[in-house]
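One-letter residues, chain by chain:
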Amino acid sequence: MTPTAALPLGAAALVAAVLGTQVAAGGWDLGPTRAADPCRARAVVAVSTGLEGLGEQLVLLGLDGAACRLHTTREALVLRLAEPGARTDAEVDAVRAGLHDAVDRLDAEHRLPPASSLLDEVLVGSGLPDLVQRALHALPDSLINNRLPTAEVLRRAVDDLDVRALLARVTDPAQVQSLVTAAVRKAVIAQLIAGLH
Amino acid sequence: MTQRRMATALLALTAATVLADSAVVTLALPQILRELGGSVAGVSWVLIAFNLVLAVVAVPAAWLLGRRAPGPGTALGIAVFAGASAVCASASGLGVLIGARCAQAAGGALALVGCLELLVALTGERRGVRLWTVSGVVGTAAGPVIGGLLTEAFSWQSIFIVQVPLTAAAIPVALAVGKRTPIHPECAVKHPDSADFACSTAHSAHLRPGVPESRRPAVAPNVALALLSAALTAALFLLVLLLVEGWRTEPATAAVTVSVIPVAAFLAPWVARALQAGPQAENVAGCLLVAGGLCGLALLPATAVVATLAPQALIGLGLGLTVDSLTGQALHDRLPRAHHGASTITARHAGVVLGLAVLTPIITVDLRHAQAPAQEAITAAVLDAPLPGTTKIALAQQLGDRLLAERGRVPDLHPAFVALHPPPAQQPAAAALESGLNEQLDRAALRAFRHAFLAAAGLAALALVPLLVTRRNVR
């Protein structure tokens with residue numbers, strides 16, 4: 001091979017070696033992580049425990065369900081909901097339906113905690129007379145769990161939840177927590193009353 | 001060191017300093033933007049104005065220099081350059097800085113073509129042209145590195161302050177060398193009241209005997225130079241932008257990183273000399289290396305500074321093989337030398353302006369388009385982080401504030417995490433999340449630069465066309 005041809009060929013080989021190595025190491029695909037398909041079930045784990053942990057799981061799964069219904073990604077939906085402005089009926093309905101889906105999924109996977117384990121948190125600040133609260137605490141766990149199936153309580157809570165108000169205050173953690181807890185308490189009490197009858 | 005060697009070194013240093021100015025402020029642009037205000041587009045004119053004026057003024061400067069002995073003209077050019085550098089250093093507004101940069105380029109054009117003539121007068125045709133060319137390559141490649149280090153160590157003003165004594169020292173040299181050089185009798189007849197220095201030195205037995213000189217500019221090497229300069233601008237400007245603005249690397253680190261290009265450019269002639277492949281093969285190989293290196297920057301497999309080293313080495317080798325060789329071809333057996341030297345300056349700096357004009361809109365649009373995927377990736381990372389929901393919402397609020405505060409630039413997310421004050425138990429998860437979010441931002445920035453790097457690679461590949469067409473015609 002003449003030196004005249006050797007230099008360009010050597011350069012081409014060097015370029016091919018560098019580019020080949022880079023593409024083999026994932027250079028073609030490197031970019032920000034793409035959003036997952038919200039219509040496919042993903043593993044959701046909450047670090048919080050009790051009512052807050054349950055709420056986190058429901059919200060994360062609920063967002064997937066809502067995004068799937070709205071034909072968008074979970075991330076795009078969250079960014080849209082974080083912007084100020086009124087929510088459309090479609091968005092409100094999709095979020096509520098997504099939360100229902102979340103309850104159904106956790107129920108089907110037997111991941112819902114028994115109501116007795118959440119009772120203490122629900123009763124704090126519930127407004128129920130002290131006597132009633134003591135009476136409820138005195139009830140055996142089996143009776144509470146039998147009368148208050150968690151899935152039913154949560155479905156009722158989702159129905160009672162003011163989703164539009166929740167979405168309007170989505171950037172305020174305290175307000176969100178307050179609205180969710182209020183809805184769960186209301187559902188528990190309603191279910192208790194229904195069960196006692 | 002003899003007086004002749006000292007004079008040669010000072011003139012070569014002046015040529016390198018003027019050509020380094022083409023990109024010397026690249027790493028300083030963010031600091032200039034912060035201190036002098038204005039828009040990103042406005043600040044980019046600190047770079048564009050210099051190259052544009054240099055491209056436009058180079059040929060008229062050569063004509064002007066050809067009418068008189070080059071010594072005083074060169075000295076005047078250097079003085080204007082040095083004076084304008086001092087004005088740049090003391091500029092309190094963007095308008096003054098851009099105006100002074102234009103004056104720098106006008107003086108620099110005169111200084112550059114004058115240095116070519118004086119270097120030839122001092123060292124002979126072949127060595128003088130080579131010294132001038134190599135000074136240009138070194139200056140172009142090392143400019144951003146030196147500018148970055150000075151900005152980090154002192155301030156952006158220090159870049160211009162340093163230039164004043166560096167170039168001013170060559171003023172007496174230019175006057176002395178210009179006075180000593182003989183004037184060819186033929187030129188004295190043609191221009192009895194002036195000294196056509198280009199003519200005089202070209203005829204002083206430096207040209208190869210029996211080879212007819214040409215007055216027509218060498219089109220193919222100049223077109224290839226313009227296209228390669230456009231591509232090389234991308235290599236330096238875009239890479240520096242990616243490192244400093246995209247990956248938030250300190251200017252000094254960025255400067256050391258991009259020093260791979262001048263180091264490789266310095267080694268390239270040794271490789272060429274060992275292979276003895278000839279200028280045409282060097283040019284073709286150089287274009288392939290620059291295009292390949294730019295493709296490599298577009299396809300980095302990791303958002304780490306170390307990943308840029310191999311593509312940079314390819315670009316540096318290509319730079320060292322081509323610019324030197326193409327400039328030599330453009331000047332080979334052509335007279336007046338100053339005019340042809342000026343044509344190569346025009347080609348190179350018109351190429352720089354072309355590169356900026358082509359690539360700036362691409363990178364601007366792509367950076368805008370990169371925001372949505374980056375935001376979604378960050379949102380996903382926050383939602384999936386092993387942190388309590390209330391912490392995530394508070395963090396999302398802080399991150400949103402950071403995005404707004406940075407006004408479209410790649411944000412520094414650290415203040416959002418500092419403001420979060422997570423309890424000790426959550427701190428490892430928060431730190432991991434911060435690292436993950438920065439990785440997502442780095443990836444988004446890298447992806448945003450992909451099209452611009454590929455377009456620049458296309459410009460480098462396009463430089464092969466005039467070279468190969470000329471080769472066919474020669475055959």
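Everything quoted here is computed from the prediction, not taken from an experiment.

Here is what the cut-offs are and how they apply
- Residues numbered from 1 in each chain as written.
- Chains lettered and ligands numbered in written order.
- Predicted model: local features only at pLDDT ≥ 70, side-chain atom pairs only at ≥ 80, totals over all residues.
- Helix = DSSP H or I, 4+ residues; strand = E, 2+ residues; numbered from the N terminus.
- Buried ≥ 20, exposed ≤ 12 C-beta atoms within 10 Å, placed from the backbone.
- Contact = placed C-beta atoms within 7 Å.
- Nonpolar A, V, L, I, M, F, W, Y, C, P; charged D, E, K, R; others polar.
- pLDDT = per-residue confidence, 0-100.
- Expected span 1.5 Å × (residues − 1).
- Bend = angle between axes of the 7 residues up to and from the residue.
- Arc of directions from axis to C-beta.
- Core = buried A, V, L, I, M, F, W, Y, C linked by C-beta atoms within 7 Å.

**With respect to the overall build of chain B**
In step 1: Within chain B one finds 20 helices and 0 strands.
In step 2: By residue count, 59% of the 475 residues in chain B fall in the buried class.
In step 3: The long-range share in chain B, meaning contacts at least 24 apart out of those at least 6 apart in sequence, stands at 83%.

**Considering the interface of chain B and chain A**
In step 1: Of the residues lining the interface, 42 residues belong to chain B; the matching set on chain A comes to 39 residues.
In step 2: Elements with a contribution of two residues or more to the side of chain B that touches chain A: helix 14 (279-298), helix 15 (309-331), helix 16 (337-384), helix 17 (389-405) and helix 19 (427-462) of chain B.
In step 3: Ranked by residues supplied to the side of chain B that touches chain A, first place goes to helix 14 of chain B with 9 residues.
In step 4: Looking at side-chain class alone, the side of chain B that touches chain A contains 27 nonpolar, 11 polar and 4 charged residues.

**Thoughts on the confidence of the model for chain B**
Residues and elements named next belong to chain B.
In step 1: Across chain B, the average pLDDT comes to 83, with 89% of residues at 70 or higher.
In step 2: Across residues 182-212, where pLDDT falls below 50, the model places 53 contacts with residues more than four positions away in sequence or in other chains.
In step 3: Interface predicted TM-score (ipTM) for the complex: 0.83; the corresponding pTM is 0.81.

**A closer look at unusual backbone geometry**
In step 1: Even without a glycine there, the phi angle at histidine 110 of chain A is positive, about 55°.
In step 2: In this structure histidine 110 of chain A comes out as exposed when scored by C-beta crowding, with 6 C-beta atoms within 10 Å.
In step 3: Its identity is not glycine, yet arginine 248 of chain B carries a phi of approximately 55°, on the positive side.
In step 4: In this structure, arginine 248 of chain B sits in the loop between helix 11 (219-246) and helix 12 (251-258).
In step 5: What makes arginine 248 of chain B partly exposed here is the crowd of 17 C-beta atoms within 10 Å.

**So, helix 19 of chain B**
In step 1: A rise of 1.5 Å per residue sets the reference length of helix 19 of chain B, with its 36 residues, at 52 Å; its end C-alpha atoms lie 52 Å apart and thus fit the reference within 8%.
In step 2: Maximum bend of helix 19 of chain B: about 35°, positioned at arginine 450 of chain B.

**Quick word on helix 7 (residues 156-168) of chain B**
In step 1: Turning to helix 7 of chain B, its buried residues number three or more, namely Trp156, Ile159, Phe160, Gln163 and Thr167 of chain B. All buried residues of helix 7 of chain B project into a common sector of 85° when viewed along the axis, lining one side.

**Considering the environment of glutamine 375 of chain B**
In step 1: Turning to its location among the elements, glutamine 375 of chain B is positioned in helix 16.
In step 2: In sequence terms glutamine 375 of chain B and leucine 437 of chain B are 62 residues apart; their C-alpha atoms lie 9.7 Å from each other.

**Observations concerning the nonpolar core**
In step 1: Counting residues in each nonpolar core, the largest one holds 225 residues, and the members touching the most others are Ala231, Leu238, Leu294, Ala456 and Ala460 of chain B.
In step 2: Among the elements that line this core, the one with the most residues is helix 11 of chain B, at 21 residues.

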